[in-house]
Amino acid sequence: MRRIMAGLTGLMIAVAGASVAAMPAQAVDVGSSSLPDGGSTSRLLPGAAPLAAAGPQPGTFTGRGFDTCTAPSQSVMNTWRASSPYRAVGIYISGASRSCAQPNLTATWVTNQTNNGWRLIPIELDNQAPCGTRLPKMSADPTTARSQGASRATSAVNAARALGIPAGSTIYNDIEQYPSNASCKAAVLSYLSGWTERLHTLGYLSGMYSSGSSGVRDLCSAYNDPAYTRVDHLWFAWWNNVADTDAGPYCPAEYYADRQRLHQYAGDVYETWGGVQMRIDRNYLDVGTPDQPEPPEWSTTVDNTDSRFTASANWGTSAYSSQRYGTDYRFAEPVTSSDVAWYKVNIPATASYEVSVWYAADPGYNDSTPYMVATTTGNQTVRVNQRAGGGQWVSLGVFTLAAGDGDKVGVSRWTSGTGYVIADAVRVTRV
């Protein structure tokens, strides 16, 4: 993964008005390219491909693996499966700091590899340490960084589900080498805490990849610090050419000792198996899935075509954008008066729920769309830039919602932003 730092520059893109990232060993956010079917459902990711990995990834496994920038083609994977000593492969499923396209990385590819005996190492590559050189950077404020980590976990889970990578899998957050100091360490550990906590609420395990001399040293130095939530798996880069899980001076042997380690022991090397050459990083894994978090208890989705969606005649209907959820979506001109399109949701119990929205994005759509969430303490408004981040679930945050059936999420036209306001679909998930 460090090869990226040597020769590739992270690409910044805008999602829902915020800076998010694209980087490696290669990727495109899969979650943004998978369009679900319409209708109200209690599935976690409506429309996700019916194909799925053969169990949680990487699951329980001891042996060699590799990671490379772009997910290899099926023929390459077949050749290496037959000829190489490797049985696990790192795949970059999400994050705007990725630098490589992923034409092969689909739910079908995931199913084929796991059915053939490969173990997958799902990787998120997004926000980086505030004291480092890579972009984008997480906030230097620990509270904000924690929130950013949670938000990125939601996006990573959406990408995993779109690929058929199920709950119980571990998703590894790639934080490249950085020149650590006390404030930077606090930000990184807070970010990873938010990442881990949100992954657990969504039914996934958490991992971190970093260099031994920066992120790994920082993480292990805070192993017993109650201010931070531990990741489940530690993936350390220490290019000593020894295929084991000994982290040497970077992490004590008694930490992350219960089949919780991956060691990237060589990087940026070319290997040829069966006549097929690839540039890879070499890894050795000893991992398991103890204490798997439970999947979410309840989730529901409401589309604009549902009877549980209501809007005035001022809201038009369009199928213009291919990023739409289902068959169409609603649009309206912004005004300085109340004309809210509402989504009715039957909340099973007063508790914390994550609210996510789906919309088509276009340069001519509204850059400050007000979404209203009816919480136990009143309506809360979250503004979203609908010119970016379309065609995927975008989290508005976690809110306390009251039990009962009623209008829980709305899209308002009352905004100083310019361009059409879009109302498509919402998803509410208990966390």
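A quick note: this is a predicted structure, and the numbers were derived from the prediction, not measured.

**Regarding the sheet that holds strand β20 (residues 394-401)**
- Across the sheet, four strands lie side by side as β12-β23-β17-β20; this open sheet has antiparallel pairing. The open sheet terminates on both sides in strands that have one partner only, identified here as β12 (299-303) and β20. Pairs of neighbouring strands in the sheet enclose a mean axial angle of 20 degrees, with direction left out of account.
- Strand direction decides the pairing type here: β12 and strand β23 (residues 425-430), joined by five bridges, are antiparallel. Along β23, the bridge assignment pairs Thr301 with Arg427.

**Looking at helix α5 (residues 182-201)**
- In a regular helix each residue adds 1.5 Å, so 20 residues correspond to 28 Å; α5 covers 29 Å between its end C-alpha atoms and thus fits that length.
- With 14 of its 20 residues buried, α5 lies for the most part within the structure.
- Positive backbone phi, at 90 degrees, marks Gly203, one or two positions downstream of α5.

**What about the sheet that holds strand β10 (residues 260-273)?**
- Pairing within the closed barrel is mixed, and its eight strands lie in the order β3-β4-β6-β7-β8-β9-β10-β11. Between one strand axis and the next, the sheet turns through 35 degrees on average, direction left out of account.
- Where α5 meets the sheet, it contacts β6 (119-124), β7 (170-174) and β8 (205-211), and its direction lies at approximately 155 degrees from that of β8.
- Its contacts with the sheet put helix α6 (residues 212-221) on β8 and β9 (233-237), and the angle it makes with β8 is roughly 135 degrees.

**Quick look at the side chain of Arg134**
- With respect to the secondary-structure elements, Arg134 resides in the loop between β6 and α4 (142-162).
- Buried and unpaired, Arg134 has no salt bridge, with Glu176 as the nearest side chain of opposite charge at 6.0 Å.
- Within the structure, Arg134 has its side chain in polar contact with the side chain of Ser97 (distance 2.5 Å).

**Section: the pairing of strand β16 (residues 341-347)**
- Within β16, five of the seven residues are buried, which leaves it mostly tucked inside the rest of the structure.
- Pairing geometry for strand β13 (residues 309-310) and β16, over two bridges, is antiparallel. What sits directly across from Phe309, in β16, is Tyr343.
- Note that β16 and strand β21 (residues 404-411) share seven bridges and pair antiparallel. What sits directly across from Val345, in β21, is Gly406.

**Considering the environment of Gly248**
- Among the secondary structure elements, Gly248 is positioned in the loop between β9 and β10.
- For Gly248, a relative accessible area of 30% puts it in the partly exposed group.

**Comments concerning helix α2 (residues 74-83)**
- For α2, the full list of buried residues reads Val76, Met77 and Trp80. An end-on view of α2 places all buried positions within 100 degrees of arc, on one side of the element.
- Turning to α2, the residues buried within the fold contact β3 (61-67), β4 (88-94), α3 (107-115), β10 and β11 (276-287).

**Section: the packing of α5 against α6**
- Contact pair α5 / α6: the axes reach a minimum separation of 10 Å and the direction vectors enclose 75 degrees. Our classification of the angle between α5 and α6 gives roughly perpendicular. On the side of α5, the interface is formed by Lys185, Leu189 and Leu192, while α6 contributes Asp218, Leu219 and Ser221.
- Residues belonging to the contact of α5 with α6 are distributed by class as follows: three nonpolar, one polar and two charged.

Definitions and cut-offs
Residues numbered from 1 in each chain as written. Predicted model: local features only at pLDDT ≥ 70, side-chain atom pairs only at ≥ 80, totals over all residues. Heavy atoms only, no water. Pairing = 2+ DSSP bridges. Helix = DSSP H or I, 4+ residues; strand = E, 2+ residues; numbered from the N terminus. Axes fitted to C-alpha atoms, helices over the stretch in contact; angles between N-to-C directions. Expected span 1.5 Å × (residues − 1). Buried < 20%, exposed > 50% of the residue type's maximum accessible area, 1.4 Å probe, protein only. Contact = heavy atoms within 4.5 Å. Lys, Arg positive; Asp, Glu negative; His and termini not counted. Salt bridge = Lys/Arg side-chain N within 4 Å of Asp/Glu carboxyl O. Polar contact = N/O pair within 3.5 Å; in protein donor to acceptor, adjacent residues only side chain to side chain. Arc of directions from axis to C-beta. Parallel < 35°, antiparallel > 145°, perpendicular 65-115°, else oblique. Nonpolar A, V, L, I, M, F, W, Y, C, P; charged D, E, K, R; others polar.

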